[in-house]
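For reference, the chains in residue letters:
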Amino acid sequence: MSGLILAGRRVLVIGGDVRAQRRLPGLLAADAEILLVAPQVSPAVEALAASGQLTWLPRSYDDEDLDDAWLVVVCAPGAELGARVARSADRRRIFCVAAESVDGSPSPGSVVLPPTGEYDGVSVGVLSRSPDRADSVRAALVEALRSGRVSEHDAEPVRPGVALVGGGPGDPELLTVRGSRLLARADVVVTDRLAPREVLEELGRNVEVIDASKIPYGRALPQGQINALLVEHARAGKFVVRLKGGDPFVYGRGYEEVIACTEAGVPVTVVPGVTSAIAGPAAAGVPVSHRGVAHEFVVVSAHVAPDHPDCLVDWTALGRLRGTIVLLMAVLNLAQVAETLIAAGRPADTPVTVVQDATTRIQRSVRATLSTVGRVVREQDVQPPAIVVVGPVAGLAPDVQSWKAAATNPVDEWCRRDEVTTTAPGPA
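Residues numbered from 1 in each chain as written. Predicted model: local features only at pLDDT ≥ 70, side-chain atom pairs only at ≥ 80, totals over all residues. Heavy atoms only, no water.

**Focus on the overall build of the chain**
Definition in use: Helix numbers and strand numbers start at the N terminus; a helix is a DSSP run of H or I with at least 4 residues, a strand a run of E with at least 2. Exposure classes here rest on a 1.4 Å probe applied to the protein chains alone. A residue is buried below 20% of its type maximum, exposed above 50%, and partly exposed in between. The contact rule is simple, with two residues in contact once any of their heavy atoms fall within 4.5 Å.
When its secondary structure is counted, the chain shows twelve helices and 17 strands. Looking at the 428 residues of the chain, the share that counts as buried comes to 42%. Across the chain, contacts joining residues at least 24 apart in sequence account for 62% of those joining residues at least 6 apart.

In structure tokens:
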């Protein structure tokens, strides 16, 4: 939070509301010994105290609290209190951070903390006469570091190896910060058709891009060949990013690639991604869980039919569930899956929502029931990639009243009394 080395040194924090919540993360990251004095604190601050990350004295400030402190941070309201603490700290030669004045007059404190940010071991702080400008410059610098747009001449060199990066459900803005940073440092990118395509335009001219797409029921690069490519380029001294759609470990064969790299002695890093199993329905306004509606959800691969000898899914058990079933790779076998679930006990009028090309500009949603979804998907010419949501949540309309009315479970009767102030998101 500043250039002060605070590890193991006492910092006195006065006040325990949201102002303290904004200051405490930096102090905790600096390994300071935090003594917080406040009659009341916010739930988040109380949780920090309960977990032993700071010491909370539930009372008003006393000048003796400054004893043994190296720094005091005033987060409590009131100009008089800030001035009093600042005077007492000056007499003891203790640096003091006081709240900014409302009328623009100078702060009574002896330290001004700039807006700061940190990324990958680099801390950025910006001082300006205009606090708003300092905030905006700080945000721009941190974003530049995260995206790799800032040249880091002294940064740790990239070592040969492989990073399995989950690219998210399709929208490039849902790629994680870490994934974006590693892509900016890649020598080779092995991608597939479900990874966010737009990020390839941002790669350097010397980056080699290898298409490892698998077209459903069509052309596909064998997994063994993909594994060999990762190992081959890493052994050649390259940093390889394997860019995959969704999350590498959710039906992405990511662990197979980890095994291949490990057996070949190639260092491998896994960067989790936003899984389409949850993000896809959310983008279409369908929550996979909702109070009083669904207390569980399962994610199922339906790339083989229920009666296929290679099928590992217990469809009978799924038919007895009352919650949400999210089906991936299910378009081809959806009609048979629906029939199997009905035969196993799932009501034929159970709502179903199918989301095609979730989070992309061509996203579309189709609604049906278990008894009609096979026909509807065929008539609407739904094509992969598509996520299928089965269960009461798939029937929720994006308006407050329908969400509240859906909560029919007596155990969750209280949720219908909540004041709901937001509406469900619409399609991307």
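**Considerations on the packing of helix 6 (residues 223–235) against helix 7 (residues 254–263)**
Under the convention used in this document: Note on definitions: angles span 0 to 180 degrees between N-to-C directions of axes, and those axes are lines fitted to C-alpha atoms, for helices only across the stretch in contact. Note on terminology: angles under 35 degrees are roughly parallel, angles over 145 are roughly antiparallel, angles of 65 to 115 are roughly perpendicular, and the others are oblique. Throughout, a crossing is termed right-handed when the near helix is turned clockwise from the far one, and left-handed when it is turned anticlockwise from it by less than a right angle.
Contact geometry for helix 6 and helix 7: axes closest at 9 Å, N-to-C directions at 45 degrees. Our classification of the angle between helix 6 and helix 7 gives oblique. The two elements helix 6 and helix 7 meet at a crossing, and its hand is right-handed. Residues Q223, I226, N227, L230 and V231 of helix 6 lie in contact with helix 7, whose contacting residues are E256, E257, A260 and C261.

**Re the pattern of salt bridges**
What counts is decided by this rule: A side-chain nitrogen of Lys or Arg and a carboxyl oxygen of Asp or Glu constitute a salt bridge if their distance falls within 4 Å.
A complete count under the given rule lists ten salt bridges for this structure. The partner of D67 in a salt bridge is R92, and the shortest N-O contact between them spans 3.8 Å. Here the residue D67 occupies a position in the loop between strand 3 (55–57) and strand 4 (71–74), and R92 occupies one in the loop between helix 3 (79–91) and strand 5 (95–97), the gap between them amounting to 25 residues. The exposure class of D67 is partly exposed, given its relative accessible area of 38%. Its relative accessible area of 35% is what places R92 among the partly exposed residues. Taken together, the shared-partner salt bridges connect D192, R242, K244 and E257 into one network.

**Quick look at the packing of aromatic side chains**
Note the following rule: For Phe, Tyr and Trp, rings pair up if their centres lie within 6.5 Å, where Trp contributes its six-membered ring, and each pair is then called stacked (planes under 30 degrees apart), edge-to-face (over 60) or tilted (otherwise). As a reminder, the over-ring test applies to NZ of lysine and CZ of arginine, requiring each to be within 6 Å of the ring centre and within 35 degrees of the ring normal.
All told, the structure shown has one aromatic pair when counted by the stated rule. Relative to Y255, the ring of F249 has its centre 5.8 Å away and its plane inclined at 85 degrees; by these criteria the two rings are edge-to-face. Classification of F249 by relative accessible area gives partly exposed; the value is 44%. Above the ring of W70, the side-chain terminus of R9 is found at 4.2 Å from the ring centroid.

**Details of the sheet that holds strand 4**
The criterion, for reference: If DSSP finds at least two bridges between two strands, the strands pair.
The parallel open sheet is built from five strands, whose spatial order is 3-2-1-4-5. Strand pairing shows two members of the sheet lacking a second neighbour, strand 3 and strand 5, which therefore form its edges. Neighbour to neighbour, the strand axes of the sheet diverge by 20 degrees on average, direction disregarded. Sheet analysis places strand 2 (residues 33–37) next to strand 3, joined by three bridges and oriented parallel. Pairing of L36 across the sheet is with W56, part of strand 3. Here helix 1 (residues 18–29) sits on the sheet and contacts strand 1 (10–14), strand 2, strand 4 and strand 5; the angle it forms with strand 2, its principal contact strand, is near 160 degrees.

**A closer look at the environment of P384**
With respect to the helices, strands and loops of the structure, P384 is situated in the loop between helix 11 (373–379) and strand 17 (386–390). Put simply, P384 and L328 are 56 residues apart on the chain and 9.4 Å apart in space, counted from C-alpha to C-alpha.

**So, a nonpolar patch on the surface**
Quick note on the threshold: Surface patches are defined over residues having more than 30% relative accessible area and no salt bridge, joining like charges when they lie within 9 Å and nonpolar side chains (Val, Leu, Ile, Met, Phe, Trp, Tyr) when within 5 Å. What sets the accessible areas is the Shrake-Rupley method with a 1.4 Å probe; for residues, cover comes only from the shown protein chains.
Side chains of F249, Y255 and I259 sit close together on the surface and give an oily, nonpolar patch of about 320 Å² of accessible area. Position of F249 relative to the elements: it lies in the loop between strand 11 (239–244) and helix 7.

**Concerning the sheet that holds strand 14 (residues 324–328)**
For sheets, the rule is that strands pair by backbone hydrogen bonds, running either parallel or antiparallel. The strand order across the open sheet built from five strands is 13-14-17-15-16, with neighbouring strands paired in mixed fashion. Whereas interior strands pair on both sides, the edge strands pair on one side only; in this sheet they are strand 13 (297–301) and strand 16 (364–369). Pairs of neighbouring strands in the sheet enclose a mean axial angle of 20 degrees, with direction left out of account. Its contacts with the sheet put helix 8 (residues 276–283) on strand 13, strand 14, strand 15 (351–356) and strand 17, and the angle it makes with strand 17 is roughly 80 degrees.

**Digging into the pairing of strand 9 (residues 188–191)**
Burial along strand 9 is two-sided: the face carrying V188 and V190 and the face carrying V189 and T191 are both buried. For strand 9 and strand 10 (residues 208–211), the ladder comprises four bridges, and the chain directions are parallel. Residue pairing across strands places T191 opposite D211, the latter belonging to strand 10. In the sheet, strand 9 pairs with strand 11 via four bridges, with the strands oriented parallel. Paired with V190 across the strands is R242, a residue of strand 11.

**A look at the packing of helix 1 against helix 2 (residues 43–50)**
The line we're drawing: In this classification, Asp, Glu, Lys and Arg are treated as charged, Ala, Val, Leu, Ile, Met, Phe, Trp, Tyr, Cys and Pro as nonpolar, and every other residue, Gly included, as polar.
Axis separation between helix 1 and helix 2 bottoms out at 10 Å; the angle between their running directions is 30 degrees. Relative to helix 2, the element helix 1 is oriented roughly parallel. In this structure, the crossing between helix 1 and helix 2 has a hand that is left-handed. Of the residues in helix 2, those in contact with Q21, L24 and L28 of helix 1 are A44, V45 and L48. Counted by class, the contact of helix 1 with helix 2 contains five nonpolar, one polar and no charged residues.

**Examining the side chain of N333**
To keep things clear, this is the line we draw: Any pair of N or O atoms that falls within 3.5 Å is considered a polar contact. Within protein, one atom must be able to donate a hydrogen and the other to accept it, and sequence-neighbouring residues count only if both atoms are side-chain atoms.
By the secondary structure assignment, N333 is in the loop between strand 14 and helix 10 (334–343). Classification of N333 as buried rests on a relative accessible area of 11%. At 3.1 Å, the side chain of N333 and the backbone oxygen of A302 are in polar contact. Excluding anything up to four places from it in sequence, N333 contacts A302, H303, V304 and A305.

**Topic: the nonpolar core**
To keep things clear, this is the line we draw: Nine residue types can take part in a nonpolar core, namely buried Ala, Val, Leu, Ile, Met, Phe, Trp, Tyr and Cys, and a core is a set of them joined through side-chain atoms within 4.5 Å.
W315, L327, V354, V373 and V388 are the most contacted members of the largest nonpolar core, which totals 26 residues. Elements with a minimum of two residues in this core: helix 9 (315–320), strand 14, helix 10, strand 15, strand 16, helix 11 and strand 17. Sort the elements by how many residues they give to this core and helix 10 lands first, with four residues. In this structure L327 touches V300, W315, L334, V337, A386, I387, V388 and V390, once residues within four positions along its chain are discounted.

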